[in-house]
Amino acid sequence: MDSFAINLANWDERAPAHARSADYGLAKFAADPGHLSEVVRFDQPRLGDIAGLRGVHLQCHIGTDTVSLARLGARMTGLDFSPAAVAEAARLAEAAGVTADFVQSDLYAAADVLPNEAYDLVFTGIGALCWLPDIRRWAAVVARLLKPGGRLFLREGHPMLWALHEDTADGLRVAYPYFETPEPLVSDEPGTYVDADREFTHTVSHSWNHGLGELVTALLAEGLRITMLVEHDSVPWKALDQGMVEDERGEWRLAEHRERVPLTYTLQAVKE
Ligand SMILES: C[S@@+](CC[C@H](N)C(=O)[O-])C[C@H]1O[C@@H](n2cnc3c(N)ncnc32)[C@H](O)[C@@H]1O
């Protein structure tokens, strides 16, 4: 199987388990019409007012952030390559009483299945870019989707975090590539990043890192102007096996020396 098929099988199996996991908290969206995902709540000060914007959420997974952005007034479409994820996202929107569209597609085909130069906002991240082998092809898709004057909002795991070994018992250790490589990093993990009620059979996944400079260069090459680049000392999932503490926002930080390494970043860019 190629990387695409391997990752699709992996995500199709995980999406329903994620939808049932208390960590994603889907029931809260139906119970409280004002409920927003922790990710979007964290983003809000940098997102600003998005009411009335036409937005697309790339690699939307089970739709928690897509629904949250719709609740902030954007007209949202979510896109993901996993049929199981898209089905869960549509179910969540319906249960939450939110209008949003969901489209199943490979990210690299997004600008072939969605209208071009149509979106005020492209929103993505939080474990999205690492599944894509080529950051330049991703940037080209973002540029095709955005209207002139439209903006990309990306909060993502920092390439420095992806380069660290998860086992931090003996301290932080750079163990994986920081730069994009032609060959994927192959992982074989029986579990997932949230508490799940089942064992998985599709345990292998293929991922790629993309350095911050590679990302910025790819966006500049597509005619986007970088308007924000903020590095954060927290991440919304428990990214390292030891030495992390969770704060009241659901963000995880290094328990000690959190000034040593960035864990996520927010990048915004506008199509000229
Ligand atoms: C970690 S999840 C994103 C998480 C999301 N930010 C959230 O917490 O809801 C990554 C998503 O990327 C999707 N994905 C991976 N490779 C893809 C591709 N080539 N095209 C489209 N979606 C892809 C997966 O199906 C999965 O839903």
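Below you will find a few notes about this structure. (Residues numbered from 1 in each chain as written. Predicted model: local features only at pLDDT ≥ 70, side-chain atom pairs only at ≥ 80, totals over all residues. Heavy atoms only, no water.)

Section: the overall build of the protein
Stage number 1. For the protein, the count of helices and strands is nine helices and eleven strands.
Stage number 2. Along the first, second and third principal axes, the C-alpha set of the protein runs to 50 × 45 × 40 Å.
Stage number 3. Scored against the burial criterion, the 272 residues of the protein give a buried share of 53%.
Stage number 4. Long-range pairs, those at least 24 residues apart, make up 74% of the contacts in the protein with a sequence separation of at least 6. (Helix = DSSP H or I, 4+ residues; strand = E, 2+ residues; numbered from the N terminus. Buried < 20%, exposed > 50% of the residue type's maximum accessible area, 1.4 Å probe, protein only. Contact = heavy atoms within 4.5 Å.)

A short note on the side chain of D247
Stage number 1. Within the secondary structure, D247 sits in the loop between strand 9 (244-246) and strand 10 (252-254).
Stage number 2. By relative accessible area, D247 is classed as buried at 15%.
Stage number 3. Within polar-contact distance, the side chain of D247 engages the backbone nitrogen of R249 at 2.9 Å. (Polar contact = N/O pair within 3.5 Å; in protein donor to acceptor, adjacent residues only side chain to side chain.)

What to know about unusual backbone geometry
Stage number 1. Its identity is not glycine, yet H61 carries a phi of approximately 55°, on the positive side.
Stage number 2. Mapped onto the secondary structure, H61 falls in the loop between strand 1 (54-58) and helix 4 (64-71).
Stage number 3. Its identity is not glycine, yet H257 carries a phi of approximately 55°, on the positive side.
Stage number 4. Position of H257 relative to the elements: it lies in the loop between strand 10 and strand 11 (264-271).

Re helix 7 (residues 135-145)
Stage number 1. Looking only at helix 7, the buried set comprises I135, W138, A139, V141, V142, A143 and L145.
Stage number 2. Capping the start of helix 7 is the job of one residue whose side-chain oxygen sits 2.9 Å from the backbone nitrogen of R136: D134.

Overview of the site of the ligand
Stage number 1. Every one of the 18 residues lining the ligand counts as a neighbour, but Y24, H61, D80, D106 and L107 are closest to it.
Stage number 2. At 2.8 Å, a side-chain N or O of H61 approaches an oxygen atom of the ligand.
Stage number 3. Contact distances for the ligand include 3.2 Å between a nitrogen atom and a backbone N or O atom of F81.
Stage number 4. Its free accessible area being 600 Å², the ligand has 96% of it covered by the protein chains.
Stage number 5. The residue inventory of the shell around the ligand, partitioned by class, reads eight nonpolar, seven polar and three charged. (Near = heavy atom within 4 Å. Areas by Shrake-Rupley, 256 points an atom, 1.4 Å probe, with all protein chains shown as cover. Nonpolar A, V, L, I, M, F, W, Y, C, P; charged D, E, K, R; others polar.)

Concerning the sheet that holds strand 5 (residues 146-157)
Stage number 1. With mixed pairing, the seven strands of this open sheet are ordered in space as 3-2-1-4-5-11-8. Strands at the two margins of the open sheet, each flanked by one partner only, are strand 3 (100-104) and strand 8 (224-232). This sheet shows a mean twist of 15° between the axes of neighbouring strands, independent of strand direction.
Stage number 2. Bridge analysis of strand 2 (residues 75-80) against strand 3 gives five bridges, and the strand direction is parallel. (Pairing = 2+ DSSP bridges. Axes fitted to C-alpha atoms, helices over the stretch in contact; angles between N-to-C directions.)

Considering the packing of aromatic side chains
Stage number 1. One pass over the structure, following the stated rule, counts five aromatic pairs.
Stage number 2. Ring geometry for W11 against W131: centres 5.3 Å apart, planes inclined by 85°, an arrangement best described as edge-to-face. In this pair, W11 is assigned in helix 1 (residues 3-20) and W131 in the loop between strand 4 (119-125) and helix 7, connecting sequence segments 120 residues apart.
Stage number 3. The buried category is assigned to W11, whose relative accessible area is 11%.
Stage number 4. Taken together, a centroid distance of 5.5 Å and an interplanar angle of 25° make the contact between W162 and W237 stacked. With W162 in helix 8 (residues 159-162) and W237 in the loop between strand 8 and strand 9, this pair connects stretches of sequence that are 75 residues apart.
Stage number 5. Of the residues examined, W162 reaches a relative accessible area of 26% and is grouped as partly exposed.
Stage number 6. The ring of Y119 carries R54 above its face, with NZ or CZ at 5.0 Å from the centroid.
Stage number 7. One residue, R155, lies across the ring of F42, its end atom 3.6 Å from the ring centre. (Phe/Tyr/Trp six-rings, centres within 6.5 Å; stacked < 30°, edge-to-face > 60°. Lys NZ or Arg CZ within 6 Å of the ring centre and 35° of its normal.)

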